Amino acid sequence: MFSIKAFFSAISLILFTAFLSPLYAEEAPASAAFAALEAAIADVQARAEKVPDVRFAFTTRAETDGEEASLVEYAFDPQEPIESRFTIIHPTLQEDEKTRKKLDKERKKSIKRFHKKGIESKPDRELIIDEIQSLFSGEARLDRETNDAFVFAFTPAPGAVNMGGDEDEDNDKAEDDKDDPFGEHLLGELTVSKADQRLTRMRFFSIESFKPAAVVQIKNFNLIINIAPVWVDGPLVSTSQEVHISGSAMFKDFEEHTVSTNSAFIAR
């Protein structure tokens with residue numbers, strides 16, 4: 001079920017893997033725009049295929065404005081023992097004892113859950129964009145052109161946008177479950193640079209109010225994901241996410257703006 005709190009939890013930041021393949025209308029695109037899209041598709045796949053097992057350390061910083069303004073920053077390093085891979089930088093106990101204790105508790109709970117299932121959490125790998133073929137429903141179309149980029153519009157496929165909740169619960173659902181009460185109300189954009197014909201940004205947004213759940217009304221939603229190589233010639237990763245969402249839940253209005261950045265990448 002849709003969860004506002006889970007969505008804005010810094011420990012479960014919006015990290016989803018997008019997928020891309022030739023989904024534009026022309027089979028043999030003649031325009032510069034579709035040629036750039038085709039090159040970007042090949043670039044995404046080639047970068048990921050070169051490093052199928054790469055691991056890396058990184059730092060995430062998330063700042064939220066809204067009813068519960070907060071700053072959360074943590075570092076992840078896959079080289080460390082499992083119980084020490086996540087290091088919470090902010091808040092410290094002195095800055096916000098309640099939030100810090102809550103984050104520590106969630107971290108330990110997550111480690112225990114993954115250990116019980118016999119699997120390893122790989123948030124570094126989850127940042128990598130390796131395919132985009134299941135992102136689209138139908139065809140992408142050229143929406144507009146700027147001085148340095150082509151912007152394509154598309155209809156997101158079911159499940160393209162993960163709006164939080166318990167990851168394990170999502171994995172336990174039937175794979176053929178296509179119900180997506182949130183994503184079905186969104187539109188998507190994909191930006192490809194002209195200079196190097198590379199995927200640089202994705203955007204998901206609403207154009208009208210909608211109800212993803214009985215007691216939730218979304219008035220506005222806008223998610224921007226910036227994309228860049230993790231290092232020169234490395235795989236493409238999400239370097240930042242910015243989301244602005246407003247509406248009402250349980251008959252109470254809310255509005256929140258979160259900006260999270262991923263940086264300090266070090267190959268492991």
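Scroll up a little and you will see the structure.
Residues numbered from 1 in each chain as written. Predicted model: local features only at pLDDT ≥ 70, side-chain atom pairs only at ≥ 80, totals over all residues. Heavy atoms only, no water.

The next thing to look at is the overall build of the protein. Check the secondary structure of the protein and you find five helices and eleven strands. Burial statistics for the protein: of 268 residues in total, 44% are counted as buried. Put simply, of all contacts in the protein between residues at least 6 apart along the chain, 58% involve residues at least 24 apart. Total accessible area on the protein is roughly 14,400 Å²; 49% of this is exposed by carbon and sulfur atoms. (Helix = DSSP H or I, 4+ residues; strand = E, 2+ residues; numbered from the N terminus. Buried < 20%, exposed > 50% of the residue type's maximum accessible area, 1.4 Å probe, protein only. Contact = heavy atoms within 4.5 Å. Areas by Shrake-Rupley, 256 points an atom, 1.4 Å probe, with all protein chains shown as cover.)

Another point: the nonpolar core. The biggest cluster of nonpolar side chains holds 37 residues, and the ones touching the most others in it are L199, F204 and F221. Secondary structure elements with two or more residues in this core: α2 (32-50), β4 (136-145), β5 (149-156), β6 (187-193), β7 (199-205), β8 (210-213), β9 (216-229) and β10 (236-249). The element best represented in this core is α2, accounting for seven residues. (Core = buried A, V, L, I, M, F, W, Y, C linked by side-chain atoms within 4.5 Å.)

The next thing to look at is helix α3 (residues 97-117). Note on helix geometry: an α-helix contains 3.6 residues per turn, so any two residues three or four positions apart are oriented the same way. The end-to-end C-alpha distance of α3 is 31 Å, a good match for the 30 Å that 21 residues give at a rise of 1.5 Å each. Buried within α3 are the following residues: R100, L103, D104, R107, S110 and F114. The buried residues of α3 all sit within an arc of 125° when viewed along its axis, so they share a single face. Opposite the buried face of α3, by more than 90 degrees, sit the exposed residues K98, K102, K105, K108, K109, K112 and K116. (Expected span 1.5 Å × (residues − 1). Arc of directions from axis to C-beta.)

Our focus in this paragraph is the environment of T155. Structurally, T155 can be placed in strand β5. When the C-alpha positions of T155 and H185 are compared, they lie 9.3 Å apart, and in sequence the two are 30 residues distant. Apart from the residues lying within four places of it in its own chain, the contact partners of T155 are L135, F136 and S137.

Attention shifts here to the packing of aromatic side chains. Under the defined criterion, the tally for this structure stands at ten aromatic pairs. Aromatic side chains F58 and F76 sit 5.8 Å apart centroid to centroid with 45° between the ring planes, which places their arrangement in the tilted category. Of this pair, F58 sits in strand β1 (residues 56-65) while F76 sits in strand β2 (residues 70-76); the two residues are 18 residues apart in sequence, bridging distant segments of the chain. Of the two residues, F58 and F76, both sit in the buried class. On the basis of an interplanar angle of 55° and a centroid distance of 5.1 Å, the ring pair of F76 and F86 is categorised as tilted. Of this pair, F76 sits in strand β2 while F86 sits in strand β3 (residues 86-90), and the two are ten residues apart along the sequence. Overall, F86 belongs to the partly exposed group, its relative accessible area being 24%. If you follow K194 out to its NZ or CZ, it ends over the ring of F150, 5.1 Å from the centre. (Phe/Tyr/Trp six-rings, centres within 6.5 Å; stacked < 30°, edge-to-face > 60°. Lys NZ or Arg CZ within 6 Å of the ring centre and 35° of its normal.)

Attention shifts here to the environment of F265. For F265, the location among the structural elements is in strand β11 (residues 252-267). Spatially, the C-alpha atom of F265 lies 7.4 Å from that of T59, the residues being 206 residues apart in sequence. Excluding its chain neighbours within four sequence positions, the residues that come into contact with F265 are F56, A57, F58, L127, V230 and V237.

Considering the arrangement of structural elements, one finds T64 in strand β1. Here T258 takes part through its side chain, which lies 3.0 Å from a polar atom of the side chain of T64. (Polar contact = N/O pair within 3.5 Å; in protein donor to acceptor, adjacent residues only side chain to side chain.)

With that out of the way, let us pick up the pairing of β11. Pairing of β1 with β11 involves nine bridges; the strand directions are antiparallel. Looking at the pairing, A57 lines up with I266 of β11. With ten bridges connecting them, β10 and β11 associate as antiparallel partners. Across the sheet, residue S246 finds its bridge partner in β11, namely E255. Here β10 folds back onto β11, and the loop between the two strands holds two residues, one of which, M250, carries a positive phi near 50°. (Pairing = 2+ DSSP bridges.)

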